[in-house]
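Observations on the three-dimensional arrangement
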Amino acid sequence: MKKLFIIAGIVAICAVSCKSKSVEEKLAELNQWNEALIQSYSERMVSFGDDQEAAEAYADSVIEVFTKYNFDALKKNLDNAVGVEALKNLYGTVEQDELEEYLDKITAPVHGQDSVFLNGLKEALKAQKTTAEGQMFTDFEVDGVKFSDFIGRGKYVLVDFWASWCGPCRREMPNLRAVYDEFHGDKFDMLSVAVWDKLEDTEVAAKEENIVWNQIVNAQKIPTDIYGIEGIPHIILFGPDGTILKRDLRGENIRKAVAEALDD
């Protein structure tokens, strides 16, 4: 892996800064570097087997290298397609403030899918700001069912945005069931919101996962656009008045956030 990083680093320097290269050549090198890194990452991850700690440490190191390389490409190519492509690669990997800083600096002419991406990113960042922790919830309605039918009505509510086809969503279900079984009552409830999914598939999966708490189904993109949700599962804890307390909860942090809120 070190050899790959060294070679990739040399390519990176030229790809993002060589004035003698055309935009097309730089773009090709950017894509080749990222593809090589991803391939090496996939091959190496298999070797860790059940050693979760080693796998996570390795993943963190790869993300660090990936982020640095693409940030370098972005900073040095704000006026061309290389910068736009690097920004795409960083989306979902770095904090929104870092993306927003460079999004405003891009002067590259864009059209087609690049234009769609940049406009969509601006809207997503705006949505994430208006629905950040500490903000009041934003209501929406799906087939006559309102989000406010469950949120802001005097209880803490844990909301899971999920889909039947989403493996990580299904893997969080045991954690969610355990939290529901432990805390469900006068002060706490849960809600699952099915997004980006077929209604019939949601219904089958909900039975398989024994989802006995409240549900909103067939929501598609409505809530994910409003809340700036880029990937699922996305689990949010709302306060009794509808204030967003915690976003993007996973694993053990789900129970921890609920327990701490109820102890206050």
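I will try to describe carefully the structure that is included in this document. (Residues numbered from 1 in each chain as written. Predicted model: local features only at pLDDT ≥ 70, side-chain atom pairs only at ≥ 80, totals over all residues. Heavy atoms only, no water.)

1. Comments concerning the sheet that holds strand S4 (residues 188-194)
As a reminder, the rule being used: Pairing between two strands is assigned when DSSP locates at least 2 bridges connecting them. Only DSSP runs of H or I with at least four residues qualify as helices, and only runs of E with at least two residues qualify as strands; both kinds are numbered from the N terminus onward. A fitted line through C-alpha atoms represents every axis, and for helices the fit uses only the stretch in contact; the resulting angles, taken between N-to-C directions, go from 0 to 180 degrees. Any two residues having at least one pair of non-hydrogen atoms within 4.5 Å are treated as being in contact.
Taken in spatial order, the 5 strands of this open sheet run S5-S4-S3-S6-S7, and their pairing is mixed. With partners counted over all chains shown, the strands left at the sheet margins are strand S5 (214-216) and strand S7 (244-246), one partner each. Along the sheet, successive strands turn relative to each other by an average axial angle of 30 degrees, direction set aside. Relative to S5, S4 runs parallel, the two being bridged by 3 bridges. Looking at the pairing, Val-193 lines up with Ile-216 of S5. Sheet strands in contact with helix H7 (residues 167-183) are strand S3 (156-162), S4 and strand S6 (234-238), and its direction is about 165 degrees off that of S3.

2. Some remarks on the pairing of S6
Here is the rule: Only protein chains enter the accessibility calculation, which uses a 1.4 Å probe. A residue is then buried if its area is under 20% of the maximum for its type, exposed if over 50%, and partly exposed in between.
By the criterion of burial, S6 is predominantly enclosed, with 5 of the 5 residues buried. Neither face of S6 is left uncovered, since the one carrying His-234, Ile-236 and Phe-238 and the one carrying Ile-235 and Leu-237 both have all their residues buried. In the sheet, S3 pairs with S6 via 5 bridges, with the strands oriented antiparallel. For Val-157, the partnering residue across the bridge sits in S6 and is Phe-238. Taken together, the 2 bridges between S6 and S7 define a ladder with antiparallel strand orientation. What sits directly across from Phe-238, in S7, is Ile-244. The hairpin formed by S6 and S7 contains 5 residues between the paired strands, and Gly-242 there has a positive phi angle of roughly 100 degrees.

3. A word on unusual backbone geometry
Across the junction of Ile-232 and Pro-233, the peptide omega takes the value 5 degrees, indicating a cis bond. Considering the arrangement of structural elements, one finds Pro-233 in the loop between helix H9 (222-227) and S6. A positive phi is found at Asp-143, a non-glycine position, where the angle reads about 50 degrees. Here Asp-143 is to be found in the loop between strand S1 (141-142) and strand S2 (145-146). Here Asn-218, not a glycine, exhibits a phi torsion of approximately 60 degrees, which is positive. As for its placement among the helices and strands, Asn-218 is situated in the loop between S5 and H9. Asn-218 sits in the partly exposed class, given a relative accessible area of 28%.

4. Considering the packing of aromatic side chains
Threshold: Any Phe, Tyr or Trp ring, taking Trp's six-membered ring, that has another such ring centre within 6.5 Å forms a pair; planes under 30 degrees apart are called stacked, those over 60 apart edge-to-face, and the others tilted.
Applying the stated criterion across every chain, the model contains 14 aromatic pairs. Consider the rings of Phe-147 and Phe-238, whose centres lie 5.5 Å apart with planes at 80 degrees: the pair is edge-to-face. Linking Phe-147 in the loop between S2 and S3 with Phe-238 in strand S6, this pair joins segments that are 91 residues apart in sequence. Per residue, the accessibility class of Phe-147 equals that of Phe-238, and both read buried.

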